[in-house]
Amino acid sequence: MNLARQILKVPKNFLPNFLRPYSVAQLQQFNESETDKLYKLLELELRGNDPAVLRSFTKFAVTTGNHFDLQSKSWSIKKPHHERYTVLRCVHIYKKHRVQYEFRTYFAFVQYKYLTGSTADTLLEYIERNLPEGVALKATKVELQTLPEHLIPPSDIDQ
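Treat the numbers as computed from the prediction; the structure is a model and nothing was measured.

Asker: Is there a simple way to think about the overall build of the protein chain in this case?
Answerer: For the protein chain, the count of helices and strands is five helices and four strands. Starting at the N terminus and ending at the C terminus, the protein chain contains elements arranged as α-α-β-α-β-β-α-β-α. Taken over 159 residues, the protein chain has a buried fraction of 20%. Considering only intrachain contacts with a sequence separation of at least 6, the fraction spanning at least 24 residues in the protein chain is 72%. Working note: accessible area of the protein chain is about 13,000 Å², and carbon and sulfur atoms make up 54% of it.

Asker: For this particular structure, what's the right way to read a nonpolar patch on the surface?
Answerer: A cluster of nonpolar side chains, Tyr85, Val87, Tyr101 and Phe103, forms an exposed patch at the surface whose accessible area comes to about 420 Å². For the nonpolar patch, the secondary structure elements donating two or more residues are strand 2 (71-88) and strand 3 (98-116). Inspection of the secondary structure puts tyrosine 85 in strand 2.

Asker: I keep staring at the pattern of salt bridges and nothing clicks. Help me out?
Answerer: Pairing between side chains of opposite charge can happen when their charged atoms approach one another. If you walk through the whole model with that rule in mind, you get six salt bridges. In this structure, glutamate 45 engages lysine 138 in a salt bridge whose closest nitrogen and oxygen atoms are separated by 4.0 Å. Placement of glutamate 45 in strand 1 (residues 38-48) and of lysine 138 in strand 4 (residues 135-144) is noted, with a sequence separation of 93 residues between them. Judged by its relative accessible area of 14%, glutamate 45 falls in the buried class. On the basis of relative accessibility, which here comes to 49%, the residue lysine 138 falls in the partly exposed class. Of the charged contacts, one joins arginine 129 and glutamate 125 as a salt bridge, the two residues approaching to 3.2 Å between their closest N and O atoms. With arginine 129 and glutamate 125 both in helix 4 (residues 117-129) and four residues apart, this pair spans about one turn of that helix. Taken together, the salt bridges that share partners define one network made up of Glu45, Arg47 and Lys138.

Asker: How should the packing of aromatic side chains be read in this particular structure?
Answerer: Applying the stated criterion to the full structure yields four aromatic pairs. Measuring from centroid to centroid gives 5.5 Å for tryptophan 75 and phenylalanine 109, while their planes differ by 20°, and the two rings are stacked. Note that tryptophan 75 is positioned in strand 2 and phenylalanine 109 in strand 3, a separation of 34 residues in sequence. Take phenylalanine 109: its relative accessible area is 13%, and that puts it in the buried class.

Asker: What is the right way to read helix 4 from this model?
Answerer: In an α-helix, one turn spans 3.6 residues; hence positions three or four apart end up facing the same way. Taking 1.5 Å of rise per residue, 13 residues should cover 18 Å, and helix 4 covers 18 Å from first to last C-alpha, within 8% of that figure. Inspection of helix 4 places Gly117, Thr119, Ala120, Leu123, Leu124 and Ile127 among the buried residues, and these make up the whole buried set. Down the axis of helix 4, the buried set is contained in an arc of 160°. They therefore lie on one face. Looking at the buried side of helix 4, the elements it contacts are strand 1, helix 3 (51-67), strand 3 and strand 4.

Asker: Hey, could you run me through the sheet that holds strand 1 in this one?
Answerer: Strand pairing in a sheet relies on backbone hydrogen bonds. The paired strands run either parallel or antiparallel. The four strands lie next to each other as 2-3-1-4, forming an open sheet whose pairing is antiparallel. At either margin of the open sheet sits one strand with a lone partner, and together these are strand 2 and strand 4. Mean inter-strand twist for the sheet, computed between neighbouring axes without regard to direction, equals 15°. By the bridge criterion, 10 bridges tie strand 1 to strand 3 in an arrangement that is antiparallel. Bridging from a neighbouring strand, arginine 47 pairs with phenylalanine 107 of strand 3. Taken strand by strand, helix 3 contacts strand 1, strand 2, strand 3 and strand 4, and its axis lies near 5° from that of strand 3. Helix-sheet contacts for helix 4 involve strand 1, strand 3 and strand 4, and the interaxial angle to strand 3 is about 150°.

Criteria and cut-off values
Every chain is numbered independently, its residues counted from 1 as its sequence is written. The predicted nature of this model means local features are confined to residues of pLDDT at least 70 and side-chain atom pairs, given and counted, to a pLDDT of 80 or more, with totals for whole chains, interfaces and linings taken over all residues. Computation of side-chain values covers all heavy atoms of the structure but excludes hydrogens and water. Elements are defined by DSSP. Helices are runs of H or I of four residues or more, strands are runs of E of two residues or more, and each kind is numbered from the N terminus. Burial status follows relative accessibility: with a 1.4 Å probe on protein chains alone, a residue under 20% of its type maximum counts as buried, one over 50% as exposed, and anything between as partly exposed. Whether two residues are in contact is decided by their heavy atoms: any pair within 4.5 Å suffices. Methods summary: accessible areas were calculated by the Shrake-Rupley approach with a probe of 1.4 Å, and residue burial reflects only the protein chains presented. Patches here are clusters of residues that have more than 30% relative accessible area and form no salt bridge, with a 9 Å joining cutoff for like charges and a 5 Å cutoff for nonpolar side chains (Val, Leu, Ile, Met, Phe, Trp, Tyr). Basic side-chain nitrogens of Lys or Arg form a salt bridge, by our definition, when they fall within 4 Å of a carboxyl oxygen of Asp or Glu. Stacked, tilted and edge-to-face pairs are distinguished by plane angle, under 30 degrees for stacked and over 60 for edge-to-face with tilted covering the rest, among Phe, Tyr and Trp rings (Trp via its six-membered ring) whose centres lie within 6.5 Å. The span expected for a helix works out to 1.5 Å for each residue beyond the first. The arc refers to the directions leading from the helix axis to the C-beta atoms. In short, DSSP must find at least two bridges between two strands for them to pair. Fitted lines through C-alpha atoms serve as axes, helices being fitted only where they are in contact, and the angles separating the N-to-C directions of these axes extend from 0 to 180 degrees.

Shown next, in the form of C-alpha cells:
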C-alpha cells in the first residue's frame, strides 16, 4: 500500500476502494445476515425458430450445469407450434389472390435439480449472457421453504 501511495503521490486518506482490503468482520457480518435460499427445481423453457440453434444451446446449457455439478435433464417437443397468417397479395383488389405466411416455434426444456440461491443466480446469469439471437428464455424456480409455525404436523396433534 505504501509503495502505491508513494508512486501515485496521493494523500493518506485518499485511497481508492479497490485498493482497500475487506475486513474479515465485514465479510462474516454479511454472511451471517443473509441465508441462502434452496431450490428444488430450476426449469428453463427455450423457444426459438431454428431447431439447430436450439439444440446447440440446449447442449450448452446441460454442459454448463455439469460444470456446476448439478443434476440436469433436457428434452424437446418434436412438433413445433405453427402460426399461419393469410394476407392479400395486392393491397387494393383481387381478393382471390392471397399469400400465406407461417411462423414455426420450436421448444426445448432444461431442468436442474437441488441448487442453492447463489448457484442458481450465477448459472442463470451465465446462461442469459450467452443466449443466442432468436432464442427466448423463460426460467421457473421452485423454492424449498420451512413449514410455517402456525401449522402443526398431524403427529403433534394426536399426542
